[in-house]
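Inside the fold
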Amino acid sequence: MTGMISSTTTPWLRPDTQALINRLLISYQRAFDQPLLVGDQGIQFQRTAAQEVFASSIAVLAHDHSADPLLTYANGTALRLWGRNWQTMVGMPSRLTAEENARRERASALQQAHQQAGFKGYCGVRVNQEGRRFMIHNARIWPLLNTNNEFCGQAAAFSSWWWL
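Residues numbered from 1 in each chain as written. Predicted model: local features only at pLDDT ≥ 70, side-chain atom pairs only at ≥ 80, totals over all residues. Heavy atoms only, no water.

All right, on to the confidence of the model for the protein then. Overall, the predicted model of the protein reaches an average pLDDT of 88, with 90% of residues at or above 70. Of the regions scoring below 50 in pLDDT, residues 1–7 engages in seven contacts with residues more than four places distant in sequence or in other chains. (pLDDT = per-residue confidence, 0-100. Contact = heavy atoms within 4.5 Å.)

Here you go:
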């Protein structure tokens, strides 16, 4: 089976991550009344959805709803931007994606997205693992809902960014 991607070596293909991607896509559609990915006509297979979101040129991240939210997902674009691998990015406090002086503004945008069930147009400075700063532009932030329509975290996506 050469050429096959193994879910044991690719954490974004684990069943729990595939379920998270499914929630992420459904929650995005609900928040913005459009699919996250161009050409997504209701991806039917979770494995395919997980592969497409991970490979997307749109940066996609998600965190849980703990007191100090932890990242639960980062696709390939986000991992490259932040200069991290899955093991060092997923599980870290999501606040660490921004510089300390930008965290209050970030928290305000997250709160606004939660209250409005989705927020478009967020811009902010982020910092990668090496300390390199970049501006994200026109990000979309939305609440993640579980199968009981209960809040279980938040996600963000953006395709416009530049190095500072």
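And the narrative resumes.
Right, let's get into the side chain of S94. Turning to its location among the elements, S94 is positioned in the loop between α4 (86–89) and α5 (103–116). On the basis of relative accessible area, S94 is assigned to the buried category, the value being 2%. Engagement of the side chain of S94 in a polar contact is seen with the side chain of R106, the distance being 2.7 Å. When sequence neighbours within four positions are dropped, the list of residues in contact with S94 reads H63, P69, L70, L71 and R106. (Helix = DSSP H or I, 4+ residues; strand = E, 2+ residues; numbered from the N terminus. Buried < 20%, exposed > 50% of the residue type's maximum accessible area, 1.4 Å probe, protein only. Polar contact = N/O pair within 3.5 Å; in protein donor to acceptor, adjacent residues only side chain to side chain.)

Summed over the entire model, instances satisfying the criterion amount to eleven aromatic pairs. For the pair W12 and W86, a centre-to-centre distance of 6.2 Å together with 55° between the ring planes defines the contact as tilted. Here the residue W12 occupies a position in the segment before α1 (15–32), and W86 occupies one in helix α4, the gap between them amounting to 74 residues. An identical accessibility class is assigned to W12 and W86; each is buried. Between R132 and the ring centre of W163, over which it is positioned, the NZ or CZ distance is 4.0 Å. (Phe/Tyr/Trp six-rings, centres within 6.5 Å; stacked < 30°, edge-to-face > 60°. Lys NZ or Arg CZ within 6 Å of the ring centre and 35° of its normal.)

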